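Here is what each chain is made of, one letter per residue.
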Amino acid sequence: MSKCRNSKLITVILLTASILFTGNALAAVNKTFTISKKIQVSDNRFLILKFSGSLSKDTDTGGYSKIEVHGEDKKQLQTINIADVNSFGDDTTTCPEPGTGSDIVIEDMNFDGINDFRIIAMLPPGPNIPYICFLWDKKSGKFVHAEFLDDITSPEFDSKTKTVTSSSRESANKYRKDVYKYSGGKLVLVKSVVKTYQ
């Protein structure tokens with residue numbers, strides 16, 4: 001066989017392998033999904049939050065990469081990229097149940113009577129669940145990333161007592177509960193309880 005035919009045969013084999021590899025790669029491409037949630041930010045104003053994410057077909061894991069805020073007229077008002085706000089340095093969140101929206105919480109987190117929202121940032125091996133939190137800012141008319149709330153593990157917001165409680169497990173037998181109150185727009189620790197079990 002001549003060198004020219006060898007060269008053509010090798011080229012055909014390489015092209016075929018490339019096509020097969022590309023086909024397999026495309027088969028493993030993530031499936032995208034969007035979760036929409038309505039949020040009320042004033043007596044007569046509702047916004048739509050659109051959480052865009054992807055789901056791995058191979059592992060059934062996934063997360064959000066972007067959040068868009070739309071008015072009721074469908075006009076886009078704001079885009080939040082997870083890569084810009086995720087303190088863990090990841091481009092996406094990690095969803096416990098990708099595509100269901102079970103990790104999105106809408107509630108008033110600074111007790112000003114206006115709804116805010118948070119999403120699970122990632123799933124740790126233990127029960128200490130971190131969130132990425134956003135507060136509605138009346139002045140700018142946008143949601144602002146509240147980094148100080150991201151530090152609160154598994155937060156609970158009590159509108160009656162106006163307290164924020166952080167619950168965490170420090171070790172296999174040591175649990176901690178910190179209670180905070182707002183002062184000047186920031187959280188101040190008012191009570192801390194540590195329980196150690198034998």
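Our structure's up above, just so we're on the same page.
Summarised in this report is the structure supplied together with it. On a predicted model such as this, the values are computed, not experimentally measured, just so you know.

### With respect to the side chain of S56
Part 1 of the argument: Note on placement: S56 falls in the loop between β2 (45-55) and β3 (62-71).
Part 2 of the argument: The residues contacting S56, other than those within four sequence positions of it, are N30 and T61.

### Considering the sheet that holds strand β12 (residues 186-196)
Part 1 of the argument: Taken together, four strands build an open sheet; the order of strands is β9-β10-β11-β12 and the sheet is antiparallel. The open sheet has two free edges, formed respectively by β9 (155-158) and β12, since each of these has just one partner strand. For this sheet the average axis-to-axis angle between neighbouring strands, irrespective of direction, equals 20°.
Part 2 of the argument: Across ten bridges, strand β11 (residues 174-183) lies against β12 in antiparallel orientation.

### A look at the pairing of β9
Part 1 of the argument: Side chains of β9 alternate between two faces, with P155 and F157 buried and E156 and D158 left unburied.
Part 2 of the argument: Where β9 and strand β10 (residues 163-171) come together, four bridges link them in antiparallel fashion. When the sheet's bridge partners are listed, E156 is paired in β10 with T165.
Part 3 of the argument: What sits between the antiparallel neighbours β9 and β10 is a turn of four residues, in which K162 has the positive phi angle 55°.

Calculation criteria
- Residues numbered from 1 in each chain as written.
- Predicted model: local features only at pLDDT ≥ 70, side-chain atom pairs only at ≥ 80, totals over all residues.
- Heavy atoms only, no water.
- Helix = DSSP H or I, 4+ residues; strand = E, 2+ residues; numbered from the N terminus.
- Contact = heavy atoms within 4.5 Å.
- Pairing = 2+ DSSP bridges.
- Axes fitted to C-alpha atoms, helices over the stretch in contact; angles between N-to-C directions.
- Buried < 20%, exposed > 50% of the residue type's maximum accessible area, 1.4 Å probe, protein only.

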